[in-house]
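Listed below are the residues making up each chain.
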Amino acid sequence: MICPNCQSDNKEGAKFCNECGFPLTGRMAAVAAASTSDATLRSIAADEVPEAPEAPEDDAVEAAEAADAATDGLDPDFEGVVSADEPAPADEPGTSGPLDRSSLPAIDVAGVNVDENGNAFDFSSVGDDEAARAADDLTPFVPRRPDEEPVSGRSDFSGFDECLVDAGYVPPKKSWGPGDTMEMPRIEGQAAPKQKEFRAPDANQKKGGKGKIVAIVLICLLAVGGAAAGVTYYLELWGGKMLPDVVGMTQSDAVYVLESKGFAVHEEKIKSDDTEGVVLLMDPTAGAREETGSEVTIHVSEARTIPEAVGKQRDEVAAQLEKDGFDNVTFVTEKSDEHEGLVLGIIPEAGSKAKANTEITVTVAVPYTVPDVANKTWDEASKLLQDEGYEPVASYVYDESVAPGTVLGTDPAAGAKADSGSTVTVSIALSRASELEQAALSYLGGVQGSGEPITIGGTAYLVDSVDAVKYEGNETTSFTITGRAVTSLDGETVYGSSKQKSGAIVWTSDNAIASIS
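Residues numbered from 1 in each chain as written. Predicted model: local features only at pLDDT ≥ 70, side-chain atom pairs only at ≥ 80, totals over all residues. Heavy atoms only, no water.

Chemist: For this particular structure, what's the right way to read the overall build of the chain?
Modeler: Counting secondary structure elements, the chain contains 8 helices and 16 strands. In the chain, the proportion of contacts linking residues at least 24 apart, taken out of those at least 6 apart, comes to 64%. (Helix = DSSP H or I, 4+ residues; strand = E, 2+ residues; numbered from the N terminus. Contact = heavy atoms within 4.5 Å.)

Chemist: Would you take a moment to explain the nonpolar core for this structure?
Modeler: Membership of the largest hydrophobic core comes to 14 residues, with the highest contact counts inside it found for Leu 444, Ile 454, Ile 456, Phe 479, Ile 481 and Trp 507. Elements with a contribution of two residues or more to this core: helix 8 (432-447), strand 12 (454-456), strand 13 (459-473), strand 14 (476-489) and strand 15 (492-507). Here the element with the most residues in this core is helix 8; it accounts for 5 residues. Once residues lying within four places of it in the same chain are set aside, the contact partners of Phe 479 are Leu 444, Ile 454, Ile 456, Ala 468, Val 469, Lys 501, Ser 502, Gly 503, Ala 504, Ile 505 and Ile 516. (Core = buried A, V, L, I, M, F, W, Y, C linked by side-chain atoms within 4.5 Å. Buried < 20%, exposed > 50% of the residue type's maximum accessible area, 1.4 Å probe, protein only.)

Chemist: Would you explain helix 7 (residues 378-387) in this entry?
Modeler: Listed in full, the buried residues belonging to helix 7 are Ala 381, Ser 382 and Leu 385. Within helix 7, the buried residues cover an arc of 100 degrees as seen down the axis, which keeps them to one side. Turned more than 90 degrees from where helix 7 packs its buried face, Asp 379, Lys 383 and Asp 387 sit exposed. At the exit of helix 7 stands Gly 389, carrying a positive phi of roughly 95 degrees. (Arc of directions from axis to C-beta.)

Chemist: Could you clarify how one ought to interpret the sheet that holds strand 2 (residues 264-271) in this entry?
Modeler: One key point about sheets: their strands pair by backbone hydrogen bonds, in either a parallel or an antiparallel sense. The sheet built from 3 strands is open, its strands ordered 2-5-3 with mixed pairing. The sheet is open, and its two borders are formed by strand 2 and strand 3 (279-283), each paired with just one other strand. The average undirected angle you get between the axes of adjacent strands in this sheet is 25 degrees. Docked against the sheet, helix 5 (residues 251-260) engages strand 2, strand 3 and strand 5 (295-302), running at close to 155 degrees with respect to strand 2. (Pairing = 2+ DSSP bridges. Axes fitted to C-alpha atoms, helices over the stretch in contact; angles between N-to-C directions.)

Chemist: I keep staring at helix 8 and nothing clicks. Help me out?
Modeler: The α-helix advances 3.6 residues per turn, and as a result positions three or four apart in sequence lie on the same side. In a regular helix each residue adds 1.5 Å, so 16 residues correspond to 22 Å; helix 8 covers 23 Å between its end C-alpha atoms and thus fits that length. Taken residue by residue, helix 8 has Arg 432, Ala 433, Leu 436, Ala 439, Ala 440, Leu 444 and Val 447 as its buried positions. When helix 8 is viewed along its axis, its buried side chains cluster within an angular range of 135 degrees and face the same direction. Residues of helix 8 that are buried in the fold lie against strand 9 (391-398), strand 11 (423-430), strand 12, strand 13, strand 14 and strand 15. Just downstream of helix 8, Gly 449 is the residue with a positive phi angle, here 75 degrees. (Expected span 1.5 Å × (residues − 1).)

Chemist: Can you help me understand the pattern of salt bridges in this one?
Modeler: If you walk through the whole model with that rule in mind, you get 9 salt bridges. The residue Asp 464 makes a salt bridge to Arg 484 at a minimum N-O spacing of 3.8 Å. One end of the pair, Asp 464, is in strand 13; the other, Arg 484, is in strand 14, and 20 residues separate them in sequence. Through salt bridges with shared partners, one network takes in Arg 432, Glu 435 and Glu 475. (Salt bridge = Lys/Arg side-chain N within 4 Å of Asp/Glu carboxyl O.)

Chemist: Please clarify how the confidence of the model for the chain should be interpreted in this entry.
Modeler: Predicted coordinates in regions of low pLDDT should not be interpreted in detail. Residue-level pLDDT values for the chain average 74, and 65% of them are 70 or greater. Confidence drops under a pLDDT of 50 for residues 43-64, and excluding neighbours within four residues, the segment shows 12 contacts in the predicted structure. The low-confidence segment residues 123-132 (pLDDT under 50) makes 0 contacts with residues lying over four places distant or belonging to another chain. (pLDDT = per-residue confidence, 0-100.)

Chemist: In this structure, what is going on with unusual backbone geometry? I would like to understand it.
Modeler: Working note: non-glycine residues mostly have negative phi, and peptide bonds are mostly trans. Going from Asp 283 to Pro 284, the amide bond is cis rather than trans, its omega being 0 degrees. Tracing the sequence through the fold places Pro 284 in the loop between strand 3 and strand 4 (289-290). Cis geometry is found at the peptide bond from Ile 347 to Pro 348, where omega equals 0 degrees. Inspection of the secondary structure assignment puts Pro 348 in the loop between strand 7 (343-347) and strand 8 (360-366).

Chemist: Before we go on, may I ask you to explain the sheet that holds strand 11 in this structure?
Modeler: The strand order across the open sheet formed by 3 strands is 9-11-10, and the pairing between neighbours is mixed. Two strands bound the open sheet, and with one partner strand each, they are strand 9 and strand 10 (407-411). Averaged over neighbouring strand pairs, the angle between their axes works out to 25 degrees when direction is ignored. Bridge count for strand 10 against strand 11 is 4 bridges, and the pairing is antiparallel. Residue pairing across strands places Gly 409 opposite Ser 427, the latter belonging to strand 11. Helix 7 contacts strand 9, strand 10 and strand 11 of the sheet and is inclined by roughly 150 degrees relative to strand 9.

Chemist: Explanation requested: the environment of Val 300 in the structure shown.
Modeler: Position of Val 300 relative to the elements: it lies in strand 5. Residue Val 300 is classed as buried on the basis of its relative accessible area, which comes to 0%. Separated by 18 residues in sequence, Val 300 and Met 282 place their C-alpha atoms 9.1 Å apart. Those residues in contact with Val 300 that sit more than four places away from it in its chain are Gln 251, Glu 268, Lys 269, Ile 270, Gly 277, Val 278 and Val 279.

Given below as structure tokens:
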């Protein structure tokens, strides 16, 4: 199909020119075709172009019929078109000349705002549009043949709402490629036409479009697959099962719930003040996903009880009480012949239930030890030893550093371990001076008033009184007495006058008198 405006070839059935966008159907196309045919005829008649070869008669008839059909329905009064019955105007001998575009009404081309007939788009039904066009009263246009004489005068096409494209119009060169747009030239004196893109098809885009469709389909499939996986995972059809929360349940209920979900249950007891038999912890925790048959450990509360302690060592019992959570434990000691550190008793008694803060008393054996009685008197030392379960025995030791009768120590020594009932020897300090002085006083006192004289310096004296006794050392004591010398004369006892007389007594180690002088 040839465009009457730019003479470019278009495919059959196209409504607009692929190069310039001019309508190829409708009244505008018919007017343009008629104008082109008429201009050709006039040029031939006026000898403005070289003489064309004579066409066959049949071809001439067909050309005339085609021109007549092309101008069918046009108004013969349209300015610029010569009727077959009228000669050409005198001022336009033999040709119509180029169209004056400024005298034509402004239109939009390429189907942007008008249809192929040059009319503004009417969006009413197609039937109404056809009826309106059928109502147009246009006189058929018959083009003049070359052998006819020009007809004077012009048809009046004033008021006709279409604009013919100038036959001398040269369309712009193709200025677009795939994805580019073309802007039609603006008609002077008229508002700029609205823009419209003419985009040639792009083979790459078509191929890409198929790729996009495939990608979209794949994405949709992945989304559906992901959603299905999520739903089946939530329904526990794969990926294991979710552990239910059994904390706070009784032991039997917890075991039933877990086993009903397909898990194996392991139970462990925990000493607690909580209600006995309640699940306190679970491992793994609730909400975890585990494979069917996995083992779940539940920690069940168990009441605290006083452990067996008698006969066990103190450290062992202390560790057990701490493990069971008892935090108020007191250890006391008791003297015993049992092994040191052995538990002798526990209160409350073993086996009784108790809270963590229950007061517990544990009695632990400690051995008997000899008390320290040094610097005490014999009576004081003897009582302390008996209270500790020992049998005290006195032992005197001469020691002039302390007062006589002071306890110097014990055997076993103070602090030594000894079974109860055993004998402890108590060392008591003695003074040799005191001992011998006491012995001298006892001897002289016995002689006094007995009538038995003592010999002092070879003279016998009756002791009337003992005036003084003193230890002089070296087992010797001195003394002073008041006495009367006595002697026998001719068988008679003669007594001298009473006077003081001093002497000395030497003692043996066993406190016997060695000599008196």
